[in-house]
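Residues per chain are reported as follows:
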Amino acid sequence: MDHPVYILSILAINIALSIWLEKNTILKPLGAALLSIVVTAITANIGIIPSSEDSVPVYDGIFTYVAPISIFYLLLGVNLKALKKAGKPMIILFLLGALGTSMGVVIANTLLGMGLGENAGAIGGMIAGTYIGGSVNFNAVALHYHMLQEGPIYASIVAVDNIYTTLWMVFTLAVPAFFNKFFPRSKSENSDSTNAGQYDESNMDMYRLAILVVLGFASFWVSEIITGWFSNIGLNIPSILILTTLALLLAQFKQVQRLKEANILGLYLVYLFLAVIGAYCNLGALGGVGEIVFTILGYLLIVILVHGTLVLIGGGLLKYDWEMVAIASQANIGGSSSALALAKSMKRDDLLLAAVLIGSLGNGIGTYLGFLIAGLL
């Protein structure tokens, strides 16, 4: 069951099934992106494929390589004007989300912190870091406070975080359809600012596809080298920012713009990434860690609810469209890759670049805010 080819086969089957369900059943409104998460979550929890409690190199490889390369392909069709038009609202919403996360941690610690004992401050900082930036920030705070040595507690936090992150992806996918019924918002004027995503599946060319594969792997490799160079001179620049920059530079060349297969290739890789998110929704990982798991469940739920409430109210009062609100929130909770996947599934190609950049902003500030909150609690 843990053979890499077997796991990839099941993930591929789940994606194909999700696309078929979207096209041929009453589940069409859910979309293939959400269905990929749900179908894979089911297969993982009933034991067909491994879940997050197992060490699965395939999953790590998809997060490490597939997710960044999917971003690269999808950004090849982005019009740089999209950033100018979407930048300010997305940054405002992202900062509202970061504030909501910070407030949620303070409230959760006040209500439930005693149940976490002497580790309450460290856990608060870890949660703040991951729901502002991502897992890098989570682990940076955990390492400093030696939380990795607290095996059961650390494992239970990771398990609960995985479950809530999956549920939040499902929620943000549903936000626009639900809220537009009661508080309709027209899409921001930047919704037609890029022609990304326009491709003809019946006119795919093998040569262009081969060129895209070369560009994807080569650009990823170059981004890693450049990141290493910066690291050697004391500058810690995330490789995803380098890869994003390379994609945007290449996207300005007409020869690259003709590579229409980039969108469908990137979209499939996004579905693969989302399927792994579903596999990480592991309900079984909560067993055997004691009563503290209920405290952690409540703690993280409070944080997410406060975050979501502030973002939704703020976005509503500012009259931003609900898709933009959902994507900005997902950039907080899930990071760049999941925010981009959400934007793509909503066909908001104008927000692809903004989603990646504010997610990277979260990576940059999440550790600092995580340590700040841990020190204050």
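**Some details on the overall build of the protein chain**
At step 1: Helix and strand counts for the protein chain stand at 15 helices and zero strands.
At step 2: Across the 377 residues that make up the protein chain, the buried fraction comes to 54%.
At step 3: Across the protein chain, the fraction of contacts at a sequence separation of at least 24, relative to all contacts at a separation of at least 6, is 82%.
At step 4: Here the protein chain has roughly 17100 Å² of accessible surface; of this, 67% comes from carbon and sulfur atoms.

**Remarks on helix H13 (residues 322-333)**
Since the α-helix packs 3.6 residues into each turn, any two residues three or four apart lie on the same face.
At step 1: Here H13 contains twelve residues, and its C-alpha end-to-end distance of 16 Å stays within 8% of the 16 Å for a straight helix at 1.5 Å per residue.
At step 2: With twelve of twelve residues buried, H13 lies mostly within the body of the structure.
At step 3: Those residues of H13 lying buried are Trp322, Glu323, Met324, Val325, Ala326, Ile327, Ala328, Ser329, Gln330, Ala331, Asn332 and Ile333.
At step 4: A positive phi of about 95° marks glycine 335, the residue just after H13.

**Section: the packing of aromatic side chains**
At step 1: In this structure the tally under the stated criterion is five aromatic pairs.
At step 2: Here phenylalanine 178 and phenylalanine 179 contribute two aromatic rings whose centre-to-centre distance is 5.3 Å and whose plane-to-plane angle is 80°, an arrangement assigned as edge-to-face.
At step 3: Judged by relative accessible area, which is 15%, phenylalanine 179 ranks as buried.
At step 4: Pairwise contacts between aromatic rings join Phe178, Phe179 and Trp322 into one cluster.

**Quick notes on the nonpolar core**
At step 1: Of all hydrophobic cores here, the largest spans 75 residues; its most connected members are Leu11, Tyr59, Leu274 and Ile327.
At step 2: Take this core: its biggest share by element is twelve residues, from helix H11 (residues 261-279).
At step 3: Residue contacts for leucine 274: discarding those within four places in its chain leaves Ala33, Ile37, Met169 and Ala341.
At step 4: One finds Ala122, Ile157, Tyr164 and Val303 within the second-largest nonpolar core, a separate group that totals 29 residues.

**Focus: the packing of H11 against helix H14 (residues 336-345)**
At step 1: Closest axis-to-axis distance for the H11/H14 pair is 10 Å, and the angle between their directions is 120°. Between H11 and H14, the angle is such that the two are oblique. In this structure, the crossing between H11 and H14 has a hand that is left-handed. Contact residues: H11 offers Asn263, Leu267, Val270, Phe273, Leu274 and Ile277, while H14 offers Ser337, Ser338, Leu340, Ala341 and Lys344.
At step 2: Of the residues that constitute the contact of H11 with H14, the class distribution is seven nonpolar, three polar and one charged.

**Points about the pattern of salt bridges**
Two side chains of opposite charge can pair, provided their charged atoms sit close to one another.
At step 1: For the structure on display, the rule yields three salt bridges.
At step 2: One salt bridge in this structure joins glutamate 261 and arginine 208, with 2.8 Å as the shortest N-O distance. With a gap of 53 residues between them, glutamate 261 in helix H11 and arginine 208 in helix H8 (residues 206-232) connect regions that are remote in the sequence.
At step 3: Under the relative-accessibility criterion, glutamate 261 is labelled buried at 2%.
At step 4: Its relative accessible area of 23% is what places arginine 208 among the partly exposed residues.
At step 5: Put simply, arginine 348 and glutamate 323 hold a salt bridge, and the shortest N to O gap is 2.9 Å.

**Re helix H12 (residues 292-317)**
At step 1: With 26 residues, H12 should cover 38 Å at 1.5 Å per step; its first-to-last C-alpha distance of 38 Å lies within 8% of that length.
At step 2: Where H12 ends, the next residue or the one after it, lysine 319, has phi of about 60°, a positive value.

**Points about empty space enclosed by the protein**
At step 1: Using the criterion set out here, one finds one cavity of 30 Å³ or more in the structure.
At step 2: In this structure, the largest cavity spans a volume of roughly 50 Å³.
At step 3: Forming the walls of the largest cavity are Trp168, Phe171, Thr172, Val175, Gly308, Val311, Leu312, Val325, Ala326 and Ser329.
At step 4: For the lining of the largest cavity, the element with the most residues is helix H7 (residues 151-182), which contributes four residues.
At step 5: Split by residue class, the lining of the largest cavity holds seven nonpolar, three polar and no charged.

**Focus: the environment of valine 311**
At step 1: Along the chain, valine 311 turns up in helix H12.
At step 2: For valine 311, a relative accessible area of 2% translates into the label buried.
At step 3: For the pair valine 311 and phenylalanine 94, spaced 217 residues apart in sequence, the C-alpha separation works out to 8.1 Å.
At step 4: Beyond its immediate stretch of four places on either side in the chain, valine 311 contacts Leu93, Leu96, Gly97, Val325 and Ser329.

Criteria and thresholds
Residues numbered from 1 in each chain as written. Predicted model: local features only at pLDDT ≥ 70, side-chain atom pairs only at ≥ 80, totals over all residues. Heavy atoms only, no water. Helix = DSSP H or I, 4+ residues; strand = E, 2+ residues; numbered from the N terminus. Buried < 20%, exposed > 50% of the residue type's maximum accessible area, 1.4 Å probe, protein only. Contact = heavy atoms within 4.5 Å. Areas by Shrake-Rupley, 256 points an atom, 1.4 Å probe, with all protein chains shown as cover. Expected span 1.5 Å × (residues − 1). Phe/Tyr/Trp six-rings, centres within 6.5 Å; stacked < 30°, edge-to-face > 60°. Core = buried A, V, L, I, M, F, W, Y, C linked by side-chain atoms within 4.5 Å. Axes fitted to C-alpha atoms, helices over the stretch in contact; angles between N-to-C directions. Parallel < 35°, antiparallel > 145°, perpendicular 65-115°, else oblique. Left-handed = near helix turned anticlockwise from the far one by under 90°. Nonpolar A, V, L, I, M, F, W, Y, C, P; charged D, E, K, R; others polar. Salt bridge = Lys/Arg side-chain N within 4 Å of Asp/Glu carboxyl O. 1 Å grid on protein atoms, 1.4 Å probe; cavity = no way out; pocket = protein on both sides within 12 Å on 5 of 7 lines; lining within 4 Å. Points joined across faces, edges and corners; volume = space filled by probe spheres on them.

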